[in-house]
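Descriptive analysis of the structure
Residue-level listing of the chains:
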Amino acid sequence: MITTLEEQNFNEAEKLRSIANALSDIRANSSLLLGPAFLLFGPNWPLAITTAGVATTDRLDGDLARRAAQILEEPTTVEGSVKDHEADRRLTFGLLGFTAARDIVDGNLASAAIVGGVIAISSWREISMAKIRNLAEAEGKRTDAIYINKLKAAGLMTALAFGMSPLVEKPHGKAARNLGLIASTVLGVVGMYKFKNKLVDS
């Protein structure tokens, strides 16, 4: 069957979007497996490496979505952006929750309290960011992530993966993990205000 170039491009773009959506689904649901495994078995290299691998799908699915948009010569879809953000949110909050639970199991209540604080501040940030995005989208503005917020996400996942590795059991290992979580959270708050200012100025 002979197809036109336009049909071929559309089919290729749809395949890329399907793969991107599948990667987002994996990321969104992976904490349901990674979290309990961490709670039961504690820090170990297979778990840390798997967590880091899952985190890299955030970059990969974004690249695939942008490639699909380039083929069709149109911007990336809002639906894809929303799904990507939801996958990130479910992964990070899921792993943060299980990290706090593991600290409690280990009897490290001070560390669990720090992770709990990160969860609380991150939750407030997510609510605020959702309001900012909704207002911007109502005005027809694009809400693509800015660099500092991408850096925050990468830092947070690095700290979580580190916390699932045996390195966290070394002297000062848990303190290093917590410092990474705190630094990423602060970066996220700064990024939220920069994101808001960017939309106001656009």
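As a reminder, the structure under discussion sits directly above these lines.
Residues numbered from 1 in each chain as written. Predicted model: local features only at pLDDT ≥ 70, side-chain atom pairs only at ≥ 80, totals over all residues. Heavy atoms only, no water.

1. Focus: the packing of helix 6 (residues 147-163) against helix 7 (residues 173-201)
At a minimum axis distance of 8 Å, the contact between helix 6 and helix 7 shows a crossing angle of 165 degrees. One way to sum up the angle between helix 6 and helix 7 is to call them roughly antiparallel. Considering how the two elements wind past one another, helix 6 and helix 7 form a crossing that is left-handed. Of the residues contributing to the contact of helix 6 with helix 7, the split by class is 12 nonpolar, 8 polar and 3 charged. (Axes fitted to C-alpha atoms, helices over the stretch in contact; angles between N-to-C directions. Helix = DSSP H or I, 4+ residues; strand = E, 2+ residues; numbered from the N terminus. Parallel < 35°, antiparallel > 145°, perpendicular 65-115°, else oblique. Left-handed = near helix turned anticlockwise from the far one by under 90°. Nonpolar A, V, L, I, M, F, W, Y, C, P; charged D, E, K, R; others polar.)

2. Comments concerning helix 2 (residues 31-41)
Listing the buried residues of helix 2 in full gives Ser31, Leu34, Gly35, Ala37 and Phe38. Buried positions in helix 2, seen along its axis, are confined to an arc of 165 degrees and lie on one side of it. Residues Leu32, Leu33, Leu40 and Phe41 are exposed on helix 2 and point more than 90 degrees away from its buried face. Next to the buried residues of helix 2 lie helix 1 (5-29), helix 3 (45-72), helix 4 (78-105) and helix 6. Positive phi appears at glycine 42, one or two residues downstream of helix 2, with a value of about 75 degrees. (Buried < 20%, exposed > 50% of the residue type's maximum accessible area, 1.4 Å probe, protein only. Arc of directions from axis to C-beta. Contact = heavy atoms within 4.5 Å.)

3. Remarks on the pattern of salt bridges
Taken as a whole and judged by the stated rule, the model has 15 salt bridges. Between arginine 66 and aspartate 63 there is a salt bridge, with the nearest N and O atoms lying 2.7 Å from each other. You can see arginine 66 and its partner aspartate 63 sitting in helix 3, 3 residues apart, about one turn around the helix. Taking the relative accessible area as the measure of exposure, arginine 66 reaches 39% and is therefore partly exposed. Under the relative-accessibility criterion, aspartate 63 is labelled partly exposed at 32%. Where aspartate 103 meets arginine 177, a salt bridge forms, and the shortest distance between an N and an O atom there is 2.7 Å. Linking aspartate 103 in helix 4 with arginine 177 in helix 7, this pair joins segments that are 74 residues apart in sequence. Arginine 177 matches aspartate 103 in its accessibility class, with the two residues each being buried. Ionic contacts of the salt-bridge type, sharing partners, join the residues Arg27, Asp58, Asp61, Asp84 and Asp88 into one network. (Salt bridge = Lys/Arg side-chain N within 4 Å of Asp/Glu carboxyl O.)

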